[in-house]
Amino acid sequence: MGVMVAVEGLDGAGKATLVAALADAAARRGASVSTHAFPRYDADVHAGLAGEALHGAHGDLRSSVHAMAVLFALDRAGAADELRAARAAHDLVLVDRYVASNAAYGAARREQDADGEFVAWVHDLEIARLGVPAPDAQVLVRVPGEVAARRVRERAAADPSRTPDGYESDAALQARCADLYDQLVARTWLAPWSVVGADEGQAALTRTAESIVAERLGTERSGDIASGSSVRSDTIET
């Protein structure tokens, strides 16, 4: 059974960059890797509806925190069998954005903290009721909100199809989300966490990825993750 690692963080934090570095580090060790990303806007009807709502469609759908969270949860539930199969077939399963994002963004929109009812509701909905497989470990890419916002703007300027959505363009929401992620890490919510920053070069990124992979897969290819919570403050460039 392989190890599932979810990579979390703000929009524009550099999650995809870290996922790619983790996959490369694992491949260099001879491990088999499967990568996934949520939301699956082009592959799942629930995610598609949520994405359209984030850009102003479907009336007042976006204004309902719980309705949006349910759509994102149903997207993951629809991929649950695929994730379980990937876990059975590969040494490492990497997921770009996962259940913790639903908890962090929804609680931030409700102006609650990690001990509030929304975070507990997300856990009950996704893990207990919908059967979304919990990750074995999580990595938070911690980045200042202004840096993430700048990257979102630069990404949109380079690709007109990447127009910032309602969450990405809300600086206050992003700031609250950053605080929620830190709270989830402090509480070891859902699975053990590692924390990386985003202000060093490619060499630091490679070292960080290799360290995380070595910790989670062990010195040999293995499905055994390190026990307990591991919170680290390495740095990466995204």
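So, a few notes on the structure that sits alongside this text. Nothing here was measured: the structure is a model prediction, and the numbers come from that model.

### Looking at the overall build of the protein
Turning to step 1, where the next piece is worked out: Counting its regular elements, the protein contains 9 helices and 6 strands.
Turning to step 2, where the next piece is worked out: Nonlocal contacts in the protein, meaning residues at least 24 apart in sequence, comprise 80% of its contacts between residues at least 6 apart.
Turning to step 3, where the next piece is worked out: Looking at the protein as shown, the accessible area adds up to about 10200 Å², and 50% of this sits on carbon and sulfur atoms.

### A closer look at the pairing of strand β5 (residues 193–197)
Turning to step 1, where the next piece is worked out: Across the 5 residues of β5, 5 count as buried, placing the element largely inside the fold.
Turning to step 2, where the next piece is worked out: In terms of strand pairing, strand β4 (residues 137–141) meets β5 through 4 bridges, oriented parallel. If you follow Val141 over to β5, its bridge partner there is Val196.

### Some words on the pattern of salt bridges
Turning to step 1, where the next piece is worked out: One pass over the structure, following the stated rule, counts 11 salt bridges.
Turning to step 2, where the next piece is worked out: Across the pair Arg97 and Asp11 runs a salt bridge whose closest N-O atoms are separated by 3.1 Å. Taken together, the residues Arg97 in the loop between β3 (92–96) and α5 (99–109) and Asp11 in the loop between β1 (3–9) and α1 (15–28) connect sequence positions 86 residues apart.
Turning to step 3, where the next piece is worked out: Taking the relative accessible area as the measure of exposure, Arg97 reaches 10% and is therefore buried.
Turning to step 4, where the next piece is worked out: A salt bridge links Asp182 to Arg142, with the shortest nitrogen-to-oxygen separation between them at 2.9 Å. Of the two residues, Asp182 is situated in helix α8 (residues 171–186) and Arg142 in the loop between β4 and α7 (145–158); the sequence distance between them amounts to 40 residues.
Turning to step 5, where the next piece is worked out: If you follow the salt bridges from partner to partner, you end up with Arg40, Asp44 and Asp75 in one network.

### Focus on the packing of α1 against helix α9 (residues 202–217)
Turning to step 1, where the next piece is worked out: The N-to-C vectors of α1 and α9 enclose an angle of 60°; their axes lie 8 Å apart at closest approach. As judged from the angle between their axes, α1 and α9 are oblique. Classified by chirality, the crossing of α9 by α1 is right-handed. When α1 is examined against α9, the residues Thr17, Leu18, Ala21, Leu22, Ala25, Ala26 and Arg28 are found in contact with a partner set consisting of Leu205, Thr206, Ala209, Glu210, Ile212, Val213 and Leu217.
Turning to step 2, where the next piece is worked out: Of the residues that constitute the contact of α1 with α9, the class distribution is 10 nonpolar, 2 polar and 2 charged.

### Points about the packing of aromatic side chains
By convention here, two paired aromatic rings are described through the distance between centres and the angle between planes.
Turning to step 1, where the next piece is worked out: Per the counting criterion, the structure on display carries 3 aromatic pairs.
Turning to step 2, where the next piece is worked out: Measuring from centroid to centroid gives 6.5 Å for Tyr105 and Tyr181, while their planes differ by 80°, and the two rings are edge-to-face. With Tyr105 in helix α5 and Tyr181 in helix α8, this residue pair connects regions lying 76 residues apart in the sequence.
Turning to step 3, where the next piece is worked out: The class of Tyr105 is buried, set by a relative accessible area of 6%.
Turning to step 4, where the next piece is worked out: Ring geometry for Phe118 and Trp121: centres 5.2 Å apart, planes at 45°, overall tilted. With Phe118 and Trp121 both in helix α6 (residues 117–129) and 3 residues apart, this pair spans about one turn of that helix.
Turning to step 5, where the next piece is worked out: Judged by relative accessible area, Phe118 falls into the buried class, the value being 0%.
Turning to step 6, where the next piece is worked out: Over the aromatic face of Phe38 sits the side chain of Arg76, whose NZ or CZ is 6.0 Å from the ring centroid.

### Some words on the packing of α5 against α6
Turning to step 1, where the next piece is worked out: Packing of α5 against α6 brings their axes to within 9 Å, and their N-to-C directions diverge by 150°. Regarding the angle of α5 to α6, the classification is roughly antiparallel. Both α5 and α6 take part in a crossing whose hand is right-handed. On α6, the residues touching Val99, Asn102, Ala103, Gly106 and Ala107 of α5 are Phe118, Val119, Val122, Glu126 and Ile127.
Turning to step 2, where the next piece is worked out: Across the contact of α5 with α6, the residue classes tally to 7 nonpolar, 2 polar and 1 charged.

### With respect to α6
Owing to its 3.6 residues per turn, the α-helix brings residues three or four apart onto one side.
Turning to step 1, where the next piece is worked out: Taken together, the buried positions of α6 are occupied by Phe118, Val119, Val122, Leu125, Glu126 and Ile127. For α6, the angular spread of the buried residues around the axis is 160°, confining them to a single face. Projecting away from the buried face of α6 at angles above 90 degrees are the exposed residues Ala128 and Arg129.
Turning to step 2, where the next piece is worked out: Looking one or two places after α6, you find Gly131, whose phi comes out positive at around 75°.

Reading the values: rules and limits
Residues numbered from 1 in each chain as written. Predicted model: local features only at pLDDT ≥ 70, side-chain atom pairs only at ≥ 80, totals over all residues. Heavy atoms only, no water. Helix = DSSP H or I, 4+ residues; strand = E, 2+ residues; numbered from the N terminus. Contact = heavy atoms within 4.5 Å. Areas by Shrake-Rupley, 256 points an atom, 1.4 Å probe, with all protein chains shown as cover. Buried < 20%, exposed > 50% of the residue type's maximum accessible area, 1.4 Å probe, protein only. Pairing = 2+ DSSP bridges. Salt bridge = Lys/Arg side-chain N within 4 Å of Asp/Glu carboxyl O. Axes fitted to C-alpha atoms, helices over the stretch in contact; angles between N-to-C directions. Parallel < 35°, antiparallel > 145°, perpendicular 65-115°, else oblique. Left-handed = near helix turned anticlockwise from the far one by under 90°. Nonpolar A, V, L, I, M, F, W, Y, C, P; charged D, E, K, R; others polar. Phe/Tyr/Trp six-rings, centres within 6.5 Å; stacked < 30°, edge-to-face > 60°. Lys NZ or Arg CZ within 6 Å of the ring centre and 35° of its normal. Arc of directions from axis to C-beta.

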